[in-house]
Each structure stands twice: as C-alpha cells, then as structure tokens.
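# Close look at the chain arrangement
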Amino acid sequence: MKYFLILFLILPAFSIGAASPKCPNFRAPKCGSGFILKRKGDCRIPYCEKTLDQSRSCPSYQPTATSCSPERYRDQNYQKTIFGNLTCTHDVCARHLYQNPLMDRRCADPAVHYDTIEKRYHLSCTKFPLYHSTNMKDWVQYPTKHRLAKKNSYPSWADYGKDWAPEIAKIGNDFVAYLTLNDATNNGKNTGIIGVAKGATLSSPLIVEGNHVVKNDRFGVIDPSYFKDPKDGKHYLLFKLDTNKYPSENKPTRIVIRELRPDGLRFKGGTSSQTLILGGSTFYTLIEGQDMIEKDGYYYLFYSIGAYTTNYHVRVVRSTSPLGPFDTNQSRAFLHAEANQTNGSFYAPGHGKTIKTADGYYYLYHAKKRLPSNDPDYHTRFPMLDAISFVDGWPILNPGPNQSHPSTGIKFIPKPL
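Everything quoted here is computed from the prediction, not taken from an experiment. (Residues numbered from 1 in each chain as written. Predicted model: local features only at pLDDT ≥ 70, side-chain atom pairs only at ≥ 80, totals over all residues. Heavy atoms only, no water.)

### Points about the overall build of the protein
Looking only at helices and strands, one finds 1 helix and 28 strands in the protein. Projected onto its principal axes, the C-alpha positions of the protein cover 90 × 50 × 45 Å. The 417 residues of the protein split such that 51% are buried. If you sum the accessible surface of the protein, you get close to 19000 Å²; carbon and sulfur atoms cover 49% of it. When the 53 basic and 36 acidic side-chain charges of the protein are each reduced to a single mean position, those positions are 4 Å apart. (Helix = DSSP H or I, 4+ residues; strand = E, 2+ residues; numbered from the N terminus. Buried < 20%, exposed > 50% of the residue type's maximum accessible area, 1.4 Å probe, protein only. Areas by Shrake-Rupley, 256 points an atom, 1.4 Å probe, with all protein chains shown as cover. Lys, Arg positive; Asp, Glu negative; His and termini not counted. Charge placed at Lys NZ, Arg CZ, Asp CG, Glu CD.)

Rendered as structure tokens:
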C-alpha cells in the first residue's frame, strides 16, 4: 500500500484513452465544535479552520465502508500537507496503477474476456491456467490448472493436456472456450485440431464437445479467435492453417474465417472457410495469433508475424467487411521489439487480444524479458497490456516516443465498461 501511496502522490496527472480524474475523490469529513470545514488547493483538500483565530486542524477521520469502483482501491492512509506542518489523513478511492508485465508469471498466448454480468475479467493462457479479476490488476487463479474436464471425459481425437491458446467467450448463458487440442493419433502428435468446450460457470471445469470445430489432417489448424460482429450479431471463428509445419513445401501460412452458428459450437450450415490474408511458410515469416475488432465502419485484423523466440511482431490491416478483402500491401506496423535490439525491457511481442474499456481499446499480448540465457525466465512469455489510440482511422499502440513498442512505465489501470 505504501508503494502505491508514494506513486499516487508523485505521479503527474495524465490521461490514458478517455480523460482520467486529476484529483482523488475525498469524502466529506467532520470538523469539531468551533471549526468550519474548508478546502484548499487544486484538489480542494479538506481541513478544519476556526472562524476567529484562523487556527487549523485536521478533520475527524472515520473509515467508510463505501465501496470504490473496480479500477480504484480504498486508501485509508492517504496523507496530504495542507498548511505549514499540518498533515491530515483522509479516506480516498485511489486509482489503481500497473506496470508491465501485467502479471509476473508465465502466460503465453493470452486472451481476455470481460463478463458484463459478473463484472469481472477472465484471462486465459496456453496450457489453460485461468484467472479472474474485477480490476485487471489483482488476478486470482481458478483452482484447477487445466480448465477442462478430466482425461476420461476427453473425446478420443484430442491429446489431453495440450490446450494451446485458449480463448473464452460468453455466448448466450454459456461460457465457451475455443482451443487447440493436438491430434491424439500416433502419427499426429503435433497436428492441431480446434475444439470447443462449454459450461454455465467457470468455477467448474468446462466440458469439451465430442466433435471438433475444425481440423486439417495434413497441416493442422491452430490459434482460434472469436469475433462477434456488433453490426449484425453474427458469430465468427478465425484460425490459422499451420502450413509452416512443412516449410520445405513452401506453402503460405494463412488466416482463415468462417461463420459460426448462434450457439458458437459449430460452423453455420451453408457457409465455407475464407482466407483473409497470407503469410510466409517458414518459422520466421509465418503469420498467426490474430484478432479482429470493428470500429467506425472498419474491421481491423491484428496478426502476429515471425518466430515467437526472436522476431515476433504484430501488424494490422483493415477492411469494410469481416470477410475482407484485406490488402496486406496496406498493412501497418502495430507492435514490435526484436531480440537483436537493445532498447526496452521486452522483446518478441505478439499473439494479442483487444479489450474494449471505458477508457478506450487496449491490447493484451505476450512478450519476453531481456534476460541472460541462463536465467530461469529466459524462455518465459509474460502478459502485457498497452493502450490503443486511433489516428486517421488506424490503430496505434503507445503513441509518442515509444510508439509501437511495449511500455515499461507506470500507468493507470483502464476503467471497465
């Protein structure tokens, strides 16, 4: 608490996305007999003053049980010097602060879902540890490491425990998770199959549906991401055809989209898969880890490029339809920090998910820390969070001197919707 107190007192007022409050919201204190309540300074700091001799004292302080909004915490030891040596303690809801990484633990391929009913975020990572938070700062892990039912209830085609790049969505009254489950046959251990699991709550393991959503016996499919079009309510699944599994064949990797049924468990009848963009065929030129949003009539497709160990980065393209066309010749750089660079504390950022908050859009992604090769966390991918601005119809991450790079400074946690 002391750490955040110091930061709150010295941090200059600034905005992330929408305007952030400049001053803390002090509640009205009480003054003793013979004193009147007065306020001083830009933030109208309260104190008590006698009407005749101008002597001052601190107002009586009684902690309140009034709850703070999710992006704030109750600081009952906030102190501010008012006049001379007079220092008063106040009750205040202080704005939460954060600094990348969002959690100091392993979280590759992160995805986040905000449930407007529960008023909480759900954060998932590869291997499917699942966390929840009301403020995107204080994360609590659900008790089960793997958020899926036990091995004996797995479908026969799925290799239990792989659970790559899961993504949570709320469709109707059910929580739905799309994830890559490797082929369990003897010849296909590294061939991805996209499955779906569902349940009425996330406090219990989700149940994997008996039928897969999509598979490709030759190359495999990975990295599912869910998109609901706010214009017409249609549900889509985006995924990657994993052709770089055989780079010698020189087949382009591709991001694919197909419309889902309203329940999100199968593809809609009469629809077919459509390729959105093409990438390279090697580990260093592949594309994957995509996400889509709609804003102001444009559909923005964010996608990762390259080897997640070295040159991983993110670009963005746009179209007036979720089905494209998306012209990669018009793509824009969005996020990058290569391993052979020396600036910044992180590198190889990518595989992200956009989050819509009351302060605008944010991008959740993973990145590696610049560490010695013998450090235990050298291979760890940490979850990161940074603000998105839109300039001339294009998204920009961290506008300013460190534009498009992972941030390292202290920032306000965004307010939830």
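### Considerations on the environment of Gly32
One can find Gly32 in the loop between helix H1 (2-10) and strand S1 (35-40). Classification of Gly32 by relative accessible area gives partly exposed; the value is 46%. The sequence separation of Gly32 and Cys58 amounts to 26 residues, and the corresponding C-alpha distance is 9.4 Å.

### Comments concerning empty space enclosed by the protein
Tallied over the full model, the rule gives 1 cavity of 30 Å³ or more. Within this model, the largest cavity holds a volume of roughly 80 Å³. Forming the boundary of the largest cavity are 14 residues, of which Glu167, Pro224, Ser225, Gln290 and His351 lie nearest the centre. Contributions of two or more residues to the lining of the largest cavity are made by strand S11 (164-171), strand S16 (221-228), strand S20 (287-295) and strand S24 (346-357). Partitioning the lining of the largest cavity into residue classes produces 5 nonpolar, 5 polar and 4 charged. (1 Å grid on protein atoms, 1.4 Å probe; cavity = no way out; pocket = protein on both sides within 12 Å on 5 of 7 lines; lining within 4 Å. Points joined across faces, edges and corners; volume = space filled by probe spheres on them. Nonpolar A, V, L, I, M, F, W, Y, C, P; charged D, E, K, R; others polar.)

### Remarks on the pattern of salt bridges
Inspection of every chain in the model, using the stated rule, returns 20 salt bridges. A salt bridge links Lys369 to Asp104; the nearest nitrogen and oxygen atoms lie 3.1 Å apart. Note that Lys369 is positioned in strand S25 (residues 360-369) and Asp104 in the loop between strand S6 (97-98) and strand S7 (111-115), a separation of 265 residues in sequence. Of the charged contacts, one joins Arg218 and Glu249 as a salt bridge, the two residues approaching to 2.0 Å between their closest N and O atoms. Placement of Arg218 in the loop between strand S15 (214-215) and S16 and of Glu249 in the loop between strand S17 (235-241) and strand S18 (254-260) is noted, with a sequence separation of 31 residues between them. (Salt bridge = Lys/Arg side-chain N within 4 Å of Asp/Glu carboxyl O.)

### A few points about the side chain of Thr253
With respect to the secondary-structure elements, Thr253 resides in the loop between S17 and S18. Within polar-contact distance, the side chain of Thr253 engages the backbone oxygen of Gly280 at 2.6 Å. Residue contacts for Thr253: discarding those within four places in its chain leaves Lys240, Leu241, Thr243, Asn244, Ile277, Leu278, Gly279, Gly280, Leu286 and Ile287. (Polar contact = N/O pair within 3.5 Å; in protein donor to acceptor, adjacent residues only side chain to side chain. Contact = heavy atoms within 4.5 Å.)

### Some thoughts on the sheet that holds strand S2 (residues 45-50)
Within a sheet, neighbouring strands are paired by backbone hydrogen bonds and run either parallel or antiparallel to one another. Taken in spatial order, the 3 strands of this open sheet run S1-S2-S3, and their pairing is antiparallel. Each of the sheet's edge strands pairs with one partner strand only, and the pair in question is S1 and strand S3 (56-57). Pairing analysis gives 2 bridges linking S2 to S3, with the strands arranged antiparallel. By the bridge assignment, Cys48 is partnered in S3 with Ser57. (Pairing = 2+ DSSP bridges.)

### Section: the environment of Val317
For Val317, the location among the structural elements is in strand S22 (residues 313-319). Classification of Val317 by relative accessible area gives buried; the value is 1%. Other than its neighbours up to four places away in sequence, Val317 contacts Ile277, Tyr299, Tyr300, Leu301, Tyr303, Phe326, Asp327, Thr328, Ser331 and Trp394.

### A few points about the state of the cysteines
According to the stated counting rule, one finds 4 disulfides in the structure shown. What pairs with Cys58 in a disulfide is Cys88, and their sulfur atoms sit 2.2 Å apart. One quick way to see it: the torsion about the S-S bond of Cys58 and Cys88 is about -90 degrees, and its sign makes the bridge left-handed. Taken together, the residues span a long stretch of sequence, with Cys58 in the loop between S3 and strand S4 (72-83) and Cys88 in strand S5 (residues 86-95) at a distance of 30 residues. Taking relative accessible area as the criterion, Cys58 reaches 29% and is therefore assigned partly exposed. For Cys88, a relative accessible area of 0% gives the class buried. Here Cys68 pairs with Cys93 through a disulfide, and the sulfurs are 2.1 Å apart. Residues Cys68 and Cys93 share a disulfide whose torsion about the S-S bond is about -85 degrees; that sign makes it left-handed. Taken together, the residues span a long stretch of sequence, with Cys68 in the loop between S3 and S4 and Cys93 in strand S5 at a distance of 25 residues. On the accessibility criterion, Cys93 (5% relative accessible area) is buried. (Disulfide = S-S within 2.5 Å.)

Taken by themselves, the reported measurements are silent on function.
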